[in-house]
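# Commentary on secondary and tertiary structure
Chain residues, written in single-letter form:
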Amino acid sequence: MPLLSDDPSSCVSPSPPSRSKSMDWKVRGDMNRPLPVIAFFLGAALTAAFVFLGATLDVNWRFSEMAVWGNGARDEGKPYAELADMLKNASMEDNTVIVTSINQAYAAPGSLLDLFLESFRLGEGTARLLDHLLIVAVDPGALQTCRSVHRHCYLLRPDGGGGADLGAEKHFMTPEYLDMMWARNRFQLTILELGFNFLFTDIDILWFRNPMRHIAITSDIAIASDYFNGDPDSLLNLPNGGFLYVRSKNRTVEFYRRWRAARREFPAGTNEQHILAQVQAPLTGQLGVRMQFLDTANCGGFCQLSGDLRRVSTMHANCCTGLPNKVQDLQSVLRDWRNYTLAPQELRRRGGFGWTKPGRCIR
């Protein structure tokens with residue numbers, strides 16, 4: 001977590017001051033008076049600095065974990081040290097990292113990873129965002145593929161080293177799918193605890209413009225909704241955790257912890273998204289978290305197709321199950337986008353461009 005300024009001006013030494021009688025007096029004539037005053041102000045400044053540092057770091061992390069990562073004394077600190085370094089290398093100036101996750105099925109040639117990365121390259125001003133993308137692989141095969149196509153790749157080791165085949169496709173709401181979703185949720189909490197903001201995006205979301213321009217500066221959490229009700233502040237919107245921005249603050253860390261704890265109050269087999277829909281109102285009220293729901297005209301999907309390609313930032317293959325179905329219909333989305341970007345500027349300004357109806361996902 002970067003705590004020191006990178007401002008080059010901080011490395012410039014001031015030119016030596018000319019000596020004067022007044023300076024000689026301060027140095028030689030009356031040293032007993034200025035030094036206690038200077039010491040007092042230095043002490044006050046250091047105290048304030050440590051109070052500020054303590055307030056900005058998560059209460060259960062802070063200095064003990066910094067010491068572990070700094071000296072490598074404990075083996076259990078090493079995975080988090082590696083993650084912290086990767087987040088730092090991928091982060092933007094405000095400590096924000098774009099994060100997605102893959103397994104071997106999603107990373108296979110011609111599958112979702114290829115489409116996802118291609119959308120960044122075809123989008124308007126999105127190619128540079130790849131420098132800030134961390135791809136989280138959940139199996140060694142996916143990690144190997146990631147490293148062949150991208151700079152920032154991290155292997156998320158399963159808790160307890162379970163024997164489940166994490167590389168295979170996970171079908172919606174199966175036990176393996178739910179385990180993967182809750183592991184993703186825990187990983188997001190770890191990112192917040194390390195002091196980084198994140199924008200998590202499912203791998204079946206195509207990026208055509210920077211969606212962060214639609215996130216209010218006052219929002220602690222911004223999240224997609226399959227069907228947007230028109231009010232970004234309405235907690236009656238149902239969240240879709242496949243596209244989720246969270247700022248790292250003590251209150252958002254606590255939000256995540258209580259969200260995870262609420263799992264015990266629901267039947268086994270309930271996914272994290274459904275639980276969030278039930279607890280988002282009480283938790284935002286109790287913790288003072290400002291939650292924003294994103295307009296599907298800007299951050300849309302197959303559930304509620306955006307009708308104007310001049311506005312769209314992202315397109316999600318939601319309301320769709322089955323990896324082959326998602327791949328085929330997202331290929332159609334990419335073709336529609338290419339046709340739009342190749343059209344003359346005057347024609348694009350008039351509008352009238354739309355998406356091909358997802359034929360495999362929506363019938």
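Coordinates for the structure precede this section.
Residue indices follow the written sequence of each chain, beginning from 1 at its first position. Selection of residues for local features in this predicted model requires a pLDDT of at least 70, selection of side-chain atom pairs for listing and counting requires 80 or more, and totals for whole chains, interfaces and linings are taken over all residues. To get the side-chain values, all heavy atoms of the structure are used, and hydrogens and water are removed first.

In this text, helices come from DSSP runs of H or I with a minimum length of four residues, and strands from runs of E with a minimum of two, each type numbered from the N-terminal end. The number of helices and strands found in the protein is 12 helices and 10 strands. A 1.4 Å probe rolled over the protein chains alone gives each residue an accessible area, and that area as a share of the maximum for its type sets the label: buried under 20%, exposed over 50%, partly exposed in between. Sorting the 363 residues of the protein into buried and exposed places 46% on the buried side. Considering only residue pairs separated by 6 or more positions, the protein has 71% of its internal contacts joining residues 24 or more positions apart. The method behind every accessible area is Shrake-Rupley, applied with a 1.4 Å probe, and residues are considered shielded solely by the protein chains displayed. Carbon and sulfur atoms make up 56% of the accessible area of the protein, which totals about 18,800 Å². The contact definition used throughout considers only heavy atoms, calling two residues in contact when any of these lie within 4.5 Å.

The next thing to look at is the pattern of salt bridges. What counts as a salt bridge is simple: a side-chain nitrogen of Lys or Arg found within 4 Å of a carboxyl oxygen of Asp or Glu. For the structure shown, the criterion picks out 17 salt bridges. One salt bridge in this structure joins glutamate 346 and arginine 350, with 3.8 Å as the shortest N-O distance. Here arginine 350 and glutamate 346 lie together in helix H12 (residues 345-350), a separation of 4 residues that amounts to about one turn. Judged by its relative accessible area of 59%, arginine 350 is exposed.

This part takes up the environment of leucine 178. Here leucine 178 is to be found in helix H8 (residues 175-193). Given the relative accessible area of 8%, leucine 178 is considered buried. It is 7.1 Å that separates the C-alpha atoms of leucine 178 and glycine 269, two residues lying 91 residues apart in sequence.

Another aspect to go through is the state of the cysteines. Two cysteine sulfur atoms make up a disulfide if the distance between them is within 2.5 Å. Applying the stated criterion to the full structure yields 3 disulfides. One disulfide bridge connects cysteine 303 with cysteine 319, the sulfur atoms lying 1.8 Å from each other. Across the disulfide from cysteine 303 to cysteine 319, rotation about the S-S bond amounts to roughly 105°, and the bridge is consequently right-handed. Of this pair, cysteine 303 sits in the loop between strand E9 (299-301) and strand E10 (314-316) while cysteine 319 sits in the loop between E10 and helix H11 (323-342), and the two are 16 residues apart along the sequence. You can call cysteine 319 partly exposed: its relative accessible area is 38%. Each disulfide pairs two cysteine sulfurs, and for cysteine 320 the partner residue is cysteine 361, the sulfurs being separated by 2.0 Å. On the sign convention where negative is left-handed, the bridge of cysteine 320 and cysteine 361, at about -55° about the S-S bond, is left-handed. Here the residue cysteine 320 occupies a position in the loop between E10 and H11, and cysteine 361 occupies one in the segment after H12, the gap between them amounting to 41 residues. When the bonded cysteines of the protein are counted from the start of the sequence, the pairing works out to 1-2, 3-4, 5-6.

Right, let's talk about unusual backbone geometry for a bit. Within the chain, asparagine 95 stands out as a residue other than glycine whose phi angle is a positive 70°. By the secondary structure assignment, asparagine 95 is in the loop between helix H4 (78-90) and strand E1 (96-102). Taking relative accessible area as the criterion, asparagine 95 reaches 11% and is therefore assigned buried. We note that cysteine 319 has phi near 50°; this positive angle belongs to a residue other than glycine.

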